[in-house]
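What follows is each chain in one-letter form.
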Amino acid sequence: MQCRRHIAGLAFTAVFVVSYFTNKFILSVLKFTYPTLFQGWQTFIGSVLLLLSGKFGWVEMSRISRSAALSWLPGSLLFVGNIYAGSRALSLIDIPFFFTIQNSSHVVSYVLLKVVKREKTQWLKLISICFMLLSAINLPIHDPQFDHSGYLWAVGHLLCVGAYRVFQGHYTSSHLSDLEQHFINYLFSVLLLTIAAHPTGDLTGALEFPSLQAYSFHCGCCASALLGFLLLLATVKLKSGCSLEHFGVWILFSKITAMCLSPFLFHMDMKASSLICVVISHVGEALLVLSKRDSLL
């Protein structure tokens, strides 16, 4: 049993790292910065693969009622904001810095939960939140390649991620599984991003994209869509087979692995002060994982 959990965790880490690297390659190296098309493609393929997997019985998915789908739409709207803003931010920010800003989404979740539930504050959790918040605030100051628009998109991304986490954790209107929630997310994303492709200028811009006929671009797009689907399956599998604490440990491990390997694949300019921000943020994430364990004791 323990061996199976480790295999599931390592599989999750491998897919997580390769998925982020593939997206970073398309967004930053090839510079395909048209998120309505890129994310629309990923969610379209994800919805098709998820539907086929359900039809063939490879994953468990029940029939989704109209009322359940409608009640989940706020979550889907946050999901679209998450992937759109995240795509914009990742194209302009190095992976370690992206994760550091993304970690501060826990600050958003913490504030929203305080408003909704008014829970008693754990000191360890409060310290971890402070670490992640201070790191995110100071990082732009010490980023040698600071990009104003990149960090603005990153703020939009973290707000959507934090709000989505709270909405998903307190959604009680109907009993939708994680896969069913994501299927609704995918369908809503395809619809919304398709509508937005022309008004945002992404459609006309993509037609003039220099690498549109390049083999590397075609392979990268196919790989990104498949990896996104596999990451969803790996995430659901890992969450179902381990505790919330261990799931958090695997996410942290995956992020650290990606950050350590990214300098070997992508050009990065990092100062000691910016590295300290990255380290403190992920120390804060580790403390947050520990606080979850303490809350269960």
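Placed above this text is the structure.
Residues numbered from 1 in each chain as written. Predicted model: local features only at pLDDT ≥ 70, side-chain atom pairs only at ≥ 80, totals over all residues. Heavy atoms only, no water.

Enquirer: Explain the overall build of the protein to me, and be specific about the residues and the numbers.
Expert: For the protein, the count of helices and strands is 13 helices and zero strands. The order of helices and strands in the protein, counted from the N terminus, is α-α-α-α-α-α-α-α-α-α-α-α-α. With the principal axes as the frame, the protein shows a C-alpha extent of 55 × 50 × 40 Å. Expressed as a percentage of the 297 residues in the protein, the buried residues total 47%. Partitioning the intrachain contacts of the protein with sequence separation of at least 6 by distance along the chain shows that 89% fall at a separation of at least 24. Just so you have it, the protein exposes about 15200 Å², and 69% of that area is on carbon and sulfur atoms. Counting 20 positive and 13 negative side-chain charges, the protein places the averaged centre of each group 9 Å from the other. (Helix = DSSP H or I, 4+ residues; strand = E, 2+ residues; numbered from the N terminus. Buried < 20%, exposed > 50% of the residue type's maximum accessible area, 1.4 Å probe, protein only. Contact = heavy atoms within 4.5 Å. Areas by Shrake-Rupley, 256 points an atom, 1.4 Å probe, with all protein chains shown as cover. Lys, Arg positive; Asp, Glu negative; His and termini not counted. Charge placed at Lys NZ, Arg CZ, Asp CG, Glu CD.)

Enquirer: Tell me about the packing of aromatic side chains, and name the residues and values.
Expert: Applying the stated criterion across every chain yields a total of 22 aromatic pairs. Both rings, one in Phe12 and one in Phe16, keep their centres 5.8 Å apart while their planes meet at 40 degrees; by these two values the pair is tilted. Separated by four residues within a single helix, Phe12 and Phe16 lie in helix H1 (residues 2-29), roughly one turn from each other. Judged by relative accessible area, Phe16 falls into the buried class, the value being 7%. For the ring pair Phe79 and Tyr186, a centre distance of 6.2 Å and an interplane angle of 65 degrees mean the geometry is edge-to-face. Taken together, the residues span a long stretch of sequence, with Phe79 in helix H4 (residues 73-92) and Tyr186 in helix H9 (residues 178-197) at a distance of 107 residues. (Phe/Tyr/Trp six-rings, centres within 6.5 Å; stacked < 30°, edge-to-face > 60°.)

Enquirer: Can you tell me about the pattern of salt bridges, naming the residues and giving the values?
Expert: Counted by the stated rule, this structure contains two salt bridges. Lys239 is paired through a salt bridge with Asp178; the nearest N and O atoms lie 3.3 Å apart. Placement of Lys239 in helix H11 (residues 215-241) and of Asp178 in helix H9 is noted, with a sequence separation of 61 residues between them. Here Lys239 falls in the partly exposed class, since its relative accessible area comes to 35%. The shortest N-O distance in the salt bridge between Lys255 and Glu285 comes to 3.4 Å. (Salt bridge = Lys/Arg side-chain N within 4 Å of Asp/Glu carboxyl O.)

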